[in-house]
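# Descriptive analysis of the structure
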Amino acid sequence: MKKISAIAAFMLALPIVMSAQAQITTKKMKLEDFGAKTTKIVLSGNTFLDTSLEEAVKNVWEISPFEFCTLEEFTQLKGKDDYYFLMTVLGKFRKEAEPGLTMLSLVKGGKGAEKGIDKMLEVVTVPLCSADFPSGREIVFLPALLDIIQEHVLASMDKDYNAYGGLSSSARNIDKAASAIKVFSENDLTDDAAQIVRKYEAETGRVRLVTEDEADGIMEEAMEDCLVSYVVAPTEPMAGSFCYKMLIDNRTHKLYYYRRHRISNTLAPGFLKEDILRILQK
C-alpha cells in the first residue's frame, strides 16, 4: 500500500515538475519578438556621432522597425518590453579605474531596467572606439558594425549557442577566408605582428600593410573583396584595459575575426603575433 501511495505521489508530482521545466525561457526565446518590436536608437547628445549613427542606421538597418530617441526618452521607456534599445555606452572593465572604451550595445527593455543598463537583457555589444579620444575610424566602420549586430541578432534567434556565445560564436570564419586579401592598417599591428605581415605580403601578395587612410578607403569604397582590420583600444590603457581586434569584409560586412587581449607591459594594443599566425594559418 505504501509503495502504491509513493508511486501515486510521484505521478502527481510529475506534471508539476514537467510544467516547471516547460517554463524555462532561453535567450533565444526572449529574442523571438525582435522583428515585431521597435528598436529605439538612442542618441547620445554628441552631435558628430549622432549624425553619423542616424545616417548609418537609415542606410543599413533592416531587421526591425526603428525610431530615434533621446537619453531622456530612453529613461522613460526602458522599463517597457515593447522596445529594444541600441545605444552607446562606456565600457569599464573590472580592474579599470575609468572607462576606456565606447561600446555600441543592443539591449531589451523590461522589468528591472530601473536598476541600470547592466540589469537589462543584453543582446549584443560591439566595441566602437576609444572613450577619450576617438580616432574617427569609428565613423567609417559604423555601417559594418551595425550589420554585424544585425547578423548576430538573427543568429541568436536561430540558436541559443549563438545567443549566449556573443560575437565570438559568429566570428569563427577565418578558416573559410584563406584566399581572401587581408588588409591591415599599420597602426593596428604590434611590431612583431607587422614583421610577419611584411614578410607574408612580399611572398604572396595576399596580405597588405597600408596606412590608416588607405585601409579606411578600402573599407568605404569596396572596390575589391578584402578583409580590413579594425582595432578598438583605450587611448591611454591602464591596468586591466582590453584591446579588441577585428577583421571585417568590406563588401558584406561579415565579421571574420574577433578576439581581445588584456593590455600589459608585454602586450601592446593591436594585432599580436599570435593573431597574425592564426589568421594566416601559419
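Residues numbered from 1 in each chain as written. Predicted model: local features only at pLDDT ≥ 70, side-chain atom pairs only at ≥ 80, totals over all residues. Heavy atoms only, no water.

Next up on the list: the overall build of the protein. Within the protein one finds nine helices and ten strands. Here the protein holds 282 residues, and 49% of them are scored as buried. In the protein, 66% of the contacts between residues at least 6 apart in sequence involve partners at least 24 apart. When the accessible area of the protein is evaluated, it comes to approximately 14900 Å², of which 52% is carbon and sulfur surface. (Helix = DSSP H or I, 4+ residues; strand = E, 2+ residues; numbered from the N terminus. Buried < 20%, exposed > 50% of the residue type's maximum accessible area, 1.4 Å probe, protein only. Contact = heavy atoms within 4.5 Å. Areas by Shrake-Rupley, 256 points an atom, 1.4 Å probe, with all protein chains shown as cover.)

Right, let's get into the pairing of strand S7 (residues 207-210). Pairing geometry for strand S6 (residues 181-185) and S7, over four bridges, is parallel. The residue of S7 that forms the bridge with Val-183 is Arg-208. Running through helix H7 (residues 191-204), the crossover from S6 to the neighbouring parallel element S7 is right-handed. (Pairing = 2+ DSSP bridges. Right-handed = clockwise from strand over helix to strand, strands pointing away.)

For the coordinates displayed, the defined rule picks out eight aromatic pairs. Here Phe-74 and Phe-85 contribute two aromatic rings whose centre-to-centre distance is 5.0 Å and whose plane-to-plane angle is 80°, an arrangement assigned as edge-to-face. Taken together, the residues Phe-74 in helix H4 (residues 71-77) and Phe-85 in strand S3 (residues 83-91) connect sequence positions eleven residues apart. Judged by its relative accessible area of 5%, Phe-74 is buried. The interplanar angle of 10° and the centroid separation of 4.3 Å between the aromatic rings of Phe-141 and Tyr-230 together place this pair among those described as stacked. Residue Phe-141 is located in helix H5 (residues 137-158), and its partner Tyr-230 is located in strand S8 (residues 226-232); the two are separated by 89 residues in the primary sequence. Each member of the pair, Phe-141 as well as Tyr-230, is classed as buried. (Phe/Tyr/Trp six-rings, centres within 6.5 Å; stacked < 30°, edge-to-face > 60°.)

This part is about the sheet that holds S6. If you trace the five strands from one edge of the open sheet to the other, you get S7-S6-S8-S9-S10, paired in mixed fashion. On the outer flanks of this sheet lie S7 and strand S10 (255-262), each paired with one strand and no other. Across the sheet, the mean angle separating the axes of adjacent strands is 20° when strand polarity is ignored. (Axes fitted to C-alpha atoms, helices over the stretch in contact; angles between N-to-C directions.)

Backbone geometry at Ala-222 places phi at a positive 50°, although glycine is not the residue there. You can see Ala-222 is positioned in the loop between helix H8 (212-221) and S8. Positive phi, normally seen in glycine, also occurs at His-253, with a value near 65°. Inspection of the secondary structure puts His-253 in the loop between strand S9 (242-249) and S10.

Moving on, we get to the environment of Thr-26. If you trace the backbone, Thr-26 turns up in the loop between helix H1 (2-22) and helix H2 (27-30). Along the sequence, Thr-26 and Tyr-164 sit 138 residues apart, while their C-alpha atoms lie 9.4 Å from each other. Among residues more than four places away in sequence, those in contact with Thr-26 are Asp-160 and Tyr-164.

Turning next to the side chain of Arg-137. With respect to the helices and strands, the residue Arg-137 is situated in helix H5. In terms of polar contacts, Arg-137 uses its side chain to reach the side chain of Asp-188, at 3.1 Å. At 2.8 Å, the side chain of Arg-137 and the side chain of Asp-216 are in polar contact. Setting aside anything within four residues of it in sequence, one finds Arg-137 in contact with Ser-185, Asp-188, Glu-212, Ala-215, Asp-216, Ser-229, Tyr-230 and Val-231. (Polar contact = N/O pair within 3.5 Å; in protein donor to acceptor, adjacent residues only side chain to side chain.)

The five strands lie next to each other as S2-S1-S3-S4-S5, forming an open sheet whose pairing is mixed. In this open sheet, the two strands that pair with only one neighbour each are strand S2 (66-69) and strand S5 (121-130). Geometrically, the sheet is characterised by an average inter-axis angle of 25° between neighbouring strands, direction not taken into account. Of the pairings in the sheet, the one linking strand S1 (residues 38-42) to S3 comprises four bridges and is parallel in character.

Let us look at H7. Along its 14 residues, H7 runs 20 Å from first to last C-alpha, staying within 8% of the 20 Å computed at 1.5 Å per residue. Of all the positions in H7, only Ala-193, Ala-194, Ile-196, Val-197 and Tyr-200 are classed as buried. Projected down its long axis, H7 carries its buried residues within an arc of 160°, all on one side. For H7, the exposed residues set more than 90 degrees away from the buried face come down to Asp-191, Gln-195, Lys-199 and Ala-202. After H7 finishes, the residue Gly-205 shows a positive phi value of roughly 75°. (Expected span 1.5 Å × (residues − 1). Arc of directions from axis to C-beta.)

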